[in-house]
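Coordinate inspection notes
Letter by letter, the chains look like this.
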Amino acid sequence: KIGHYTPDESNKIINDCKPNCDLTFFHINIRSLNANYIKLLELLNLYDNNFDVILWSELWSTNLDYFSNIFPNYNFLYSPPSSQNTGGVGLFINTRLSYKIISKSSDNNFFGFLAEYMVVDIFNCNTTLRIYLFYRHPSKPINDFTDLFFKFIDSCRPLKKSFIFGDINIDLLKYDINSNVTH
């Protein structure tokens, strides 16, 4: 069910689904990790369970190395903003999980100044999950991003279990009035 949930409502959904879930994920647009990490810690404390993977978009570029230590038992992976201080993406992956970075914008920015991204394979038991994480800068053309997005997904093939997370700054609720959404 798509919607907005309080932490209490989310806890109920997560607890009901937990026995059938391989892993649990939490994504948020943090809009500056440096400025908002305490609020994030407070928010995460409202949940009954620790998430296996915590994903962030728009983490900005200040003090990123410092944040590798704020969550014990997690590995911090990130791709900083490509052209300015704002943007960037990051993940905290529980240390009990193995992973492999497939691609990230700070190594090879497929999207130029349109977006930052990471693609990570996570190994859990006998399953490999592919995680795609994006942040599209809202001032950049949507059409340019969507054209490249489909080429990128084609070049970085999804696995059987793949998930796309991020803030792509496209209002999907405007599908009936915005031609960029209907594609």
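Here the residue numbering is sequential within each chain, running from 1 through the sequence in written order. Two thresholds apply to this predicted model, a pLDDT of at least 70 for residue-level local features and 80 or more for giving and counting side-chain atom pairs, whereas whole-chain, interface and lining totals are computed over all residues. Excluded from the side-chain calculations are hydrogens and water; all other atoms, namely the structure's heavy atoms, are used.

Mapped onto the secondary structure, P158 falls in the loop between helix 3 (142–155) and strand 8 (161–167). Its relative accessible area of 42% is what places P158 among the partly exposed residues. Between the C-alpha atoms of P158 and I131, which are 27 residues apart in sequence, the distance is 8.8 Å. Throughout, a residue-residue contact means that at least one pair of heavy atoms, one from each residue, lies within 4.5 Å. Look past the residues within four positions of P158 in its chain and what remains in contact with it is Y132 and I153. In this text, helices come from DSSP runs of H or I with a minimum length of four residues, and strands from runs of E with a minimum of two, each type numbered from the N-terminal end. For every residue, the accessible area obtained with a 1.4 Å probe (protein chains only) is divided by the maximum for its type, and the residue is called buried under 20%, exposed over 50%, and partly exposed between those limits.

Let us now look at the environment of F110. Tracing the backbone through its elements, the reader meets F110 in the loop between strand 5 (98–104) and strand 6 (115–124). Residue class for F110 comes out partly exposed when judged on its relative accessible area of 30%. Sequence-wise, F110 and F149 are 39 residues apart; in three dimensions their C-alpha atoms are separated by 9.2 Å. Non-local contacts of F110, meaning those with residues more than four positions away in its chain, are made with Y117, L148, K151, F152 and S155.

Positive phi, normally seen in glycine, also occurs at R31, with a value near 45 degrees. Residue position: R31 is located in the loop between strand 1 (25–29) and helix 2 (33–44). The phi dihedral of C125 is positive, around 55 degrees, even though this residue is not glycine.

Turning to the pattern of salt bridges, a few remarks are in order. Whenever a carboxyl oxygen of Asp or Glu lies within 4 Å of a side-chain nitrogen of Lys or Arg, that contact is scored as a salt bridge. A complete count under the given rule lists five salt bridges for this structure. Close ionic contact of R130 with D121 constitutes a salt bridge, the shortest N to O distance being 2.7 Å. Put simply, D154 and R157 hold a salt bridge, and the shortest N to O gap is 2.6 Å. Relative accessible area serves as the criterion here: at 49%, D154 is assigned to the partly exposed category. Under the relative-accessibility criterion, R157 is labelled exposed at 52%.

As a further point, take helix 2. Owing to its 3.6 residues per turn, the α-helix brings residues three or four apart onto one side. Taking 1.5 Å of rise per residue, 12 residues should cover 16 Å, yet helix 2 covers just 14 Å from first to last C-alpha, more than 12% shy of that figure. Residues L33, N36, Y37, L40 and L44 constitute the buried set of helix 2. Here the buried residues of helix 2 occupy an arc of 140 degrees about the axis, which is enough to place them on one side. Seen from the buried face of helix 2, the exposed residues on the opposite side, beyond 90 degrees, are A35, K39 and E42. Contacts from the buried residues of helix 2 go to strand 1, strand 2 (53–57) and strand 3 (74–79). One less than the residue count of a helix, multiplied by 1.5 Å, gives the span that helix is expected to have. Taken from the helix axis, the directions to the C-beta atoms give the arc we talk about.

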